[in-house]
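# Coordinate analysis (summary)
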Amino acid sequence: MTKSFKEALKGRRTFYQIDNKSTLSDKEIRDIIRFAVEHVPSAFNSQTTRVVLLTGKAHEKLWTIVKDTLRKLVPADAFSKTQQKIDGSFSCGYGTILYFEDMSIVRSLQEKFPTYKDNFPIWSEQTSAMHQLAIWTMLEDAGLGASLQHYNPLIDDEVRKAWSLPDDWKLIAQMPFGTPTAQPGPKDIMSLDKRVFEFTE
């Protein structure tokens, strides 16, 4: 990392204004993803997270799927605003990272450890969140801006069909990224005295 972990974590923000350029080669982006998937922890070492990198026409295809799906659900007079948001903040980027969880593993753990049955789906989502943060922070460190979107489950079936992904893969989030063209505004932060507590006995 070019920055300290603290600096990179602080700099990680939601960037809605991005373009279709990258500060990294596709191989370097893949290396970031593979590094995170290899080293981010998971409950019971279940390794449930699956990550898909979309660039080029695949990236454009994803956001076409999103628009086509929403066009059927959003009133016609409001769709232009939806399309403008997607085209101006997401599809205009260099690529998109898709985060999935393999629910076949979750189910097998539920069967193997019934005492914790209700917890495994929760732990699975927590694992995905750690992957998202790790990758997002490393992208920021490399000079890329990203945001986290959740058009799932509306697009799940079409996304799995488009890239022949297993039915057991549950889509958790979409992370469009690219070179930032503007900085995000100030961030409101609640007083840490209301969020962090310490006891000695």
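One can find the structure itself at the top, above this paragraph.
This text gives an overview of the structure that appears in the document. (Residues numbered from 1 in each chain as written. Predicted model: local features only at pLDDT ≥ 70, side-chain atom pairs only at ≥ 80, totals over all residues. Heavy atoms only, no water.)

Looking only at helices and strands, one finds 7 helices and 5 strands in the protein. Listing the helices and strands of the protein from first to last along the sequence gives α-β-α-β-α-α-β-α-α-β-α-β. For 201 residues, the compact-globule estimate of 2.2 N^0.38 gives 17 Å, and the protein sits close to it at 18 Å. Judged by the C-alpha coordinates and their principal axes, the protein covers about 55 × 40 × 35 Å. Buried residues in the protein amount to 40% of all 201 residues. Contacts spanning at least 24 positions in sequence make up 83% of the contacts within the protein whose residues lie at least 6 apart. Across the protein, the 26 positively charged side chains and the 26 negatively charged ones have centroids separated by 3 Å. (Helix = DSSP H or I, 4+ residues; strand = E, 2+ residues; numbered from the N terminus. Rg over C-alpha atoms; globule rule 2.2 N^0.38 Å. Buried < 20%, exposed > 50% of the residue type's maximum accessible area, 1.4 Å probe, protein only. Contact = heavy atoms within 4.5 Å. Lys, Arg positive; Asp, Glu negative; His and termini not counted. Charge placed at Lys NZ, Arg CZ, Asp CG, Glu CD.)

Okay, the pairing of strand 5 (residues 169–180) next. In regular strands, side chains alternate between the two faces of the sheet. Taking burial as the measure, the 12 residues of strand 5 include 10 buried ones, the bulk of the element. In terms of strand pairing, strand 1 (residues 18–19) meets strand 5 through 2 bridges, oriented antiparallel. Residue pairing in the sheet places Asp19 in a bridge with Thr179 of strand 5. Looking at chain direction, strand 3 (residues 95–102) and strand 5 are connected through 8 bridges and run antiparallel. Looking at the pairing, Ile97 lines up with Met175 of strand 5. Bridge count between strand 4 (residues 145–146) and strand 5: 2 bridges; the pairing is antiparallel. Its bridge partner being in strand 5, Gly145 is matched across the sheet by Gly178. (Pairing = 2+ DSSP bridges.)

For helix 4 (residues 76–89), with 14 residues, the first-to-last C-alpha span of 21 Å sits near the 20 Å given by 1.5 Å per residue. Residues of helix 4 that are buried: Phe79, Thr82, Ile86 and Ser89. For helix 4, the angular spread of buried residues about the axis comes to 125°, placing them on one side. Exposed and facing more than 90 degrees away from the buried side of helix 4 are Asp77, Ser80, Lys81 and Gln84. Where helix 4 is buried, its residues contact strand 1 and helix 3 (56–71). (Expected span 1.5 Å × (residues − 1). Arc of directions from axis to C-beta.)

Here we take up a nonpolar patch on the surface. A cluster of nonpolar residues, Met1, Phe5, Leu9 and Leu133, forms a patch on the protein surface that exposes about 400 Å² of accessible area. Structurally, Leu9 can be placed in helix 1 (residues 5–11). (Patch = residues over 30% accessible without salt bridge, like charges linked within 9 Å, V, L, I, M, F, W, Y side chains within 5 Å. Areas by Shrake-Rupley, 256 points an atom, 1.4 Å probe, with all protein chains shown as cover. Salt bridge = Lys/Arg side-chain N within 4 Å of Asp/Glu carboxyl O.)

Our next topic: the environment of Lys21. By secondary structure assignment, the location of Lys21 is in the loop between strand 1 and helix 2 (26–39). Sequence-wise, Lys21 and Val52 are 31 residues apart; in three dimensions their C-alpha atoms are separated by 19 Å. Leaving out residues up to four positions away in the same chain, Lys21 has contacts with Tyr94, Leu144, Gly178 and Thr179.

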